[in-house]
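# Chain and residue survey
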Amino acid sequence: SQKIEQNSEALNIQEGKTATLTCNYTNYSPAYLQWYRQDPGRGPVFLLLIRENEKEKRKERLKVTFDTTLKQSLFHITASQPADSATYLCALPLRNNNDMRFGAGTRLTVKP
Amino acid sequence: DAGITQSPRHKVTETGTPVTLRCHQTENHRYMYWYRQDPGHGLRLIHYSYGVKDTDKGEVSDGYSVSRSKTEDFLLTLESATSSQTSVYFCAISDRGVLDEAFFGQGTRLTVV
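Residues numbered from 1 in each chain as written. Chains lettered and ligands numbered in written order. Predicted model: local features only at pLDDT ≥ 70, side-chain atom pairs only at ≥ 80, totals over all residues. Heavy atoms only, no water.

Another point: the pairing of strand β4 (residues 31–38) of chain B. Residue and element names in this part refer to chain B. In terms of burial, β4 is largely enclosed, as eight of its eight residues are buried. In β4, alternate side chains face the same way, and those of Y31, Y33, Y35 and Q37 on one face and M32, W34, R36 and D38 on the other are all buried. As paired strands, β4 and strand β9 (residues 87–94) are joined by seven bridges and run antiparallel to one another. Its bridge partner lying in β9, W34 is registered against C91. Relative to strand β5 (residues 42–51), β4 runs antiparallel, the two being bridged by seven bridges. Residue Q37 lies in a different strand from β5, and its bridge partner there is L43. (Buried < 20%, exposed > 50% of the residue type's maximum accessible area, 1.4 Å probe, protein only. Helix = DSSP H or I, 4+ residues; strand = E, 2+ residues; numbered from the N terminus. Pairing = 2+ DSSP bridges.)

Take a look at the structure:
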């Protein structure tokens, strides 16, 4: 069965360092992948979409990679700030492409 | 923020009663989704709609039904609420389905006692 795994439930890093979050998937062949941010008590907010032929995508301090051979996406936040503390979710489309499945998320805490 | 409103925001109901959650959008997006979010499970798709009167099941559809009679409204009904349906429910909208970013509502916290 299809599975989406995000590397850890929680990640703690020091301000200014680069945070790297992992999204692994099995029994999928998605054409693209999305990353969302979710703050406590709020709905997820879209960050980035990367297509299978893009390999890497950047937006300000965010960088996403997509390795279809390893079946893995890496999400990087450079020069992290306490305001980056949140839960980050990866999402992939399933079957007929109208069904978006989410990972359980990684809770990132950036300490000053 | 995208124009998407969920109501109610909080609800406590008794086991066995029917419950309807409403999602209203002002963006004229074609796709609308209902997810539930539980600790350790992340977001799980319940049902989605790809147009007026066009709906399909998601990963965890048992015990839930939906209706979409207008572009702007997507209703989620728990026919007979159970304690296992205690959760936070999110509605999301998207213009081109999963090819696009999804905009999420603020969520509805439902407690079934």
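Moving on to the side chain of D100(B). One can find D100(B) in the loop between β9 and β10 (103–104). Not counting residues within four places of it along the chain, the set of residues in contact with D100(B) comprises Q34(A), S94(B) and D95(B). (Contact = heavy atoms within 4.5 Å.)

As enumerated under the stated definition, the model contains 16 aromatic pairs over all chains in all. Geometrically, the ring pair formed by W35(A) and F75(A) is stacked, given 4.9 Å between the ring centres and 25° between the ring planes. Highlighted residues: W35(A) in strand β4 (residues 32–38) and F75(A) in strand β8 (residues 72–77), separated in sequence by 40 residues. Pair check on accessibility: W35(A) and F75(A) agree, each one buried. The interplanar angle of 90° and the centroid separation of 5.4 Å between the aromatic rings of F102(A) and Y35(B) together place this pair among those described as edge-to-face. Residue F102(A) is located in strand β10 (residues 99–102), and its partner Y35(B) is located in strand β4; the two belong to separate chains. Across this residue pair, the class does not change: F102(A) and Y35(B) are buried. In this structure an aromatic cluster arises from ring pairing among Y36(A), F46(A), F102(A), Y31(B), Y33(B), Y35(B), Y48(B), Y50(B), F90(B) and F104(B). (Phe/Tyr/Trp six-rings, centres within 6.5 Å; stacked < 30°, edge-to-face > 60°.)

In this structure the tally under the stated criterion is two disulfides over all chains. In this model C23(A) forms its disulfide with C90(A); the gap between the sulfur atoms is 2.0 Å. The sign of the 70° torsion about the S-S bond sets the C23(A)-C90(A) disulfide as right-handed. Of this pair, C23(A) sits in strand β3 (residues 19–26) while C90(A) sits in strand β9 (residues 86–94), and the two are 67 residues apart along the sequence. Its relative accessible area of 0% is what places C90(A) among the buried residues. The disulfide bridge from C23(B) ends at C91(B), spanning 1.9 Å between sulfur atoms. (Disulfide = S-S within 2.5 Å.)

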